[in-house]
Amino acid sequence: MTFGIACFGLICYITLASFSDIACFGLIGYITLASFSRKRLHFSSSESVEEQRLEEAKGCGFIELLHPLLVPCVKTYEDIESIETRNNQLEMQSVNNKALIEELDKLLERLRIPSEYAACLTGGSFDEARMLQNIEACEWLTGALNGLESPNLDPTFANIRAVREKRTELDKLKTTFVRRASEFLRNYFASLVDFMISDKSYFSQRGQLKRPDHADLRFKCRTYARLLQHLKSLDKNCLGPLRKAYCSSLNLLLRREAREFANELRASTKASRNPTVWLENSSGSNQNVNNADTSTVSDAYAKMLTIFIPLLVDESSFFSHFMCFGVSALAPPGSPANGDKSNDDDLGIMDIDDNDANTKNISELGALNESLRDLLDGIQEDFYAVVDWAYKIDPLRCISMHGITEKYISGQKADAAGYVRLLLDALEGRITAQFTRFVDEACHQIEWNERNVRQMGVLSYIPRFATLATRMEQYIQGQSRDLVDQAYIKFIGVMFATLDKIAQTDPKYADIILLENYAAFQNSLYDLANVVPTLAKFYHQASESYEQACTRHISGIIYYQFERLFQFAKRIEDLMYTITPEEIPFQLGLSKMDLRKVVKSSLSGVDKHIGAMYKKLQKNLTSEELLPSLWDKCKKEFLDKYDSFAQLVAKIYPSETIPSVTEMRDILTSM
């Protein structure tokens, strides 16, 4: 605008050079006023003032004087204005072109592939010394690919042919590098494991238990941890085959270590074999039980878990982090599997795409469990071998092994330890199955007692079960209480059922068999029943059954010796429901004469009858220690029945006299 005004002033000056000073002054004043009015420029005065001045100029006659010159001046101004417009457009175009060139320079810089990176990505070595260059090339490639993606690239440039071609070229570089790196890592994992397997010093040998040490293996793998992170960023699909290759190789190593360790552990553990037959019927009530200490067996099993469970948890955690799974890799502090903080699970790196870790944690947990299955599958067979070996030496050691296993199960909380928990669950199931097998076989041994033609006295399995229960209580550890209680329920249920069946085979002696065996059960388990609630329940059940058998047996003996006396009393009791007491002496067989005959035949020489009752009680009883208590029960029962009889006589036959209850008590006391 300044340039236009200057040109306009210059032209006015040249045009009016021949006029007089006054005319020139007037013309310049008018032109200046008209120019400013035309451009609507405002200075300190208002528009109304300018209009007033223009009117004054017209009044002075300047307009008529300068009109011939005003028209070409106006045309000249319009030409100047057109020139200035074109100049502004050219200036704007120059600025835009400069900005465009700058943007294109930046785009060209993005599209340039450094030769050193291209060489590294397409044919560089993956040796440890070259890993820094490989990582730098990966970082550049990742940045270059991201730079050609929205929103990092202006949509205007997205469809440019050079951009499309360069994107295709970068994709080819990515595909080539991912293929080369994946092939190298698969071969590298296999070579590491093959080297360790070929060296026997890595494994347990005869006379030497070798604790597996994977520190060097993890150190070598850690060299390529950052590379795996970049491979995941470049192509997530490439991790699947790599994970399978790693799991396949390491699974061979872990199984070999577990097998060699388990074999040497069994060979170096010395323990006497305890019998698997505890409750089988044999002559005599005592069993020659081998009381050899078999604690070394459960100690060996505990050692197997102590060494290998933390190892498997560490390997699972390392694998989870090394192979870029977005889940909790480490066990919580304080858990048995957490072990020493010096383990090598932490790779010292962060996830490249760590911002969406929570989303990955859900989506990748299933993939992690699948990979851990490939990593650890089959190793449970060596644990099973130790369990089966311990079972053959002492079946009751299943109780302590169950408790040990339960302790380790409760310690596995991390996501990465998921398959280790499954392995421990399977191991616990194997122990439970073996112990259930032992219980079932023992129950069959109990049931075998039914096949004997006739059995008297305490059955052999009663005292043997007490010995077995005492041993089982000694082996309980941790959470194995329920396992033992379930065995008690099954054992005693079969014992009582078998006892009832044996008693039913000979009804004459059924009550004697029952009372002797229930008494033996109570005597042998008295101490344990005070501390074991499950046994206490069966103790009370046996006590009730014992009392019922005693009552039936004693009542039978009393009725055998005093049958007429108490039959007479029973007839009176039955008639009292239908007729009055005064009418009873007039009934057939219940007269006073009949009463005297019954009393004379039953109570004359009563001491002999009581003595015969004692001898009969003693005759078939094999447990002499029960005789005093049974005789006391018998005397009490007889006195109670005789007291009832005496009351009936006093009520129905008031004029008749019979020996008093006191006399009868004195006779029983004197015997």
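Anything mentioned here points back to the structure above.
Let us look at the structure shown here. As the structure is a computational prediction, the values presented were derived from the model and not from experiment. (Residues numbered from 1 in each chain as written. Predicted model: local features only at pLDDT ≥ 70, side-chain atom pairs only at ≥ 80, totals over all residues. Heavy atoms only, no water.)

## Thoughts on the overall build of the protein
Part 1 of the reasoning: For the protein, the helix and strand inventory stands at 26 helices and zero strands.
Part 2 of the reasoning: In the protein, which comprises 671 residues, the share counted as buried stands at 44%.
Part 3 of the reasoning: Nonlocal contacts in the protein, meaning residues at least 24 apart in sequence, comprise 79% of its contacts between residues at least 6 apart.
Part 4 of the reasoning: Total accessible area on the protein is roughly 35,200 Å²; 52% of this is exposed by carbon and sulfur atoms. (Helix = DSSP H or I, 4+ residues; strand = E, 2+ residues; numbered from the N terminus. Buried < 20%, exposed > 50% of the residue type's maximum accessible area, 1.4 Å probe, protein only. Contact = heavy atoms within 4.5 Å. Areas by Shrake-Rupley, 256 points an atom, 1.4 Å probe, with all protein chains shown as cover.)

## Overview of unusual backbone geometry
Part 1 of the reasoning: Within the chain, Cys324 stands out as a residue other than glycine whose phi angle is a positive 65°.
Part 2 of the reasoning: Along the chain, the position of Cys324 falls in the loop between α12 (295-322) and α13 (357-363).
Part 3 of the reasoning: For Cys324, a relative accessible area of 1% translates into the label buried.

## Looking at the pattern of salt bridges
Side chains carrying opposite charge are able to pair once their charged atoms draw close together.
Part 1 of the reasoning: Per the counting criterion, the structure on display carries 16 salt bridges.
Part 2 of the reasoning: When the shortest N-O distance is used, the salt bridge between Arg552 and Asp511 registers 2.8 Å. Of the two residues, Arg552 sits in helix α21 (residues 533-561) while Asp511 sits in helix α20 (residues 510-529), which places them 41 residues apart along the sequence.
Part 3 of the reasoning: Among the residues examined, Asp511 registers a relative accessible area of 17% and is labelled buried. (Salt bridge = Lys/Arg side-chain N within 4 Å of Asp/Glu carboxyl O.)

## Here's the deal with the environment of Gln133
Part 1 of the reasoning: Within the element layout of this structure, Gln133 appears in helix α6 (residues 131-147).
Part 2 of the reasoning: Along the chain, Gln133 and Cys120 lie 13 residues apart, while their C-alpha atoms are 7.4 Å from each other.

## A few points about the nonpolar core
Part 1 of the reasoning: Leu227 and Phe491 are the most contacted members of the largest nonpolar core, which has 171 residues in total.
Part 2 of the reasoning: The element that contributes the greatest number of residues to this core is α12, accounting for 14 residues.
Part 3 of the reasoning: If we skip the residues at most four places from it in the chain, Leu227 touches Phe126, Met131, Ile135, Cys138, Phe177, Ala181 and Leu185. (Core = buried A, V, L, I, M, F, W, Y, C linked by side-chain atoms within 4.5 Å.)

## Some thoughts on the side chain of Glu428
Part 1 of the reasoning: Here Glu428 shows up in helix α17 (residues 418-447).
Part 2 of the reasoning: No salt bridge is formed by the buried Glu428; its nearest oppositely charged neighbour, Arg421, is found at 11 Å.
Part 3 of the reasoning: For Glu428, the contacting residues outside a window of four places in its chain are His402, Thr405, Glu406 and Ile409. (Lys, Arg positive; Asp, Glu negative; His and termini not counted.)

## Here we look at the packing of α17 against helix α19 (residues 481-504)
Part 1 of the reasoning: Direction vectors running N to C along α17 and α19 enclose 15°, while the axes themselves pass 9 Å from each other. Taken together, the axis directions place α17 and α19 in an arrangement best described as roughly parallel. Remark: the crossing between α17 and α19 carries right-handed chirality. Contacts from Thr432, Phe435, Phe438, Val439, Asp440, Ala442, Cys443, Ile446 and Glu447 in α17 reach Leu483, Ala487, Lys490, Phe491, Val494, Met495 and Thr498 in α19.
Part 2 of the reasoning: Its residues placed into classes, the contact of α17 with α19 shows eleven nonpolar, two polar and three charged. (Axes fitted to C-alpha atoms, helices over the stretch in contact; angles between N-to-C directions. Parallel < 35°, antiparallel > 145°, perpendicular 65-115°, else oblique. Left-handed = near helix turned anticlockwise from the far one by under 90°. Nonpolar A, V, L, I, M, F, W, Y, C, P; charged D, E, K, R; others polar.)

## Describing the packing of aromatic side chains
Part 1 of the reasoning: Taken as a whole and judged by the stated rule, the model has 30 aromatic pairs.
Part 2 of the reasoning: Measuring from ring centre to ring centre gives 5.3 Å for Phe126 and Phe184, while their planes differ by 20°; the resulting arrangement is stacked. With a gap of 58 residues between them, Phe126 in the loop between α5 (115-123) and α6 and Phe184 in helix α8 (residues 161-198) connect regions that are remote in the sequence.
Part 3 of the reasoning: Judged by relative accessible area, Phe126 falls into the buried class, the value being 6%.
Part 4 of the reasoning: Relative to Phe566, the ring of Tyr559 lies with its centre 6.0 Å away and its plane at 70°, an arrangement referred to as edge-to-face. (Phe/Tyr/Trp six-rings, centres within 6.5 Å; stacked < 30°, edge-to-face > 60°.)

## A look at the side chain of Ser249
Part 1 of the reasoning: Its location among the elements puts Ser249 in helix α11 (residues 239-268).
Part 2 of the reasoning: Apart from residues lying up to four places away in sequence, Ser249 is in contact with Phe189, Ala190 and Val193.

## Notes on the packing of helix α24 (residues 606-619) against helix α25 (residues 627-652)
Part 1 of the reasoning: The N-to-C vectors of α24 and α25 enclose an angle of 140°; their axes lie 10 Å apart at closest approach. By the criterion of interaxial angle, the relationship of α24 to α25 is oblique. Crossing handedness for the pair α24 and α25: right-handed. Contact residues: α24 offers Ile610, Met613, Tyr614, Leu617 and Gln618, while α25 offers Leu627, Leu630, Trp631 and Cys634.
Part 2 of the reasoning: Classifying every residue of the contact of α24 with α25 by side-chain character gives eight nonpolar, one polar and no charged.

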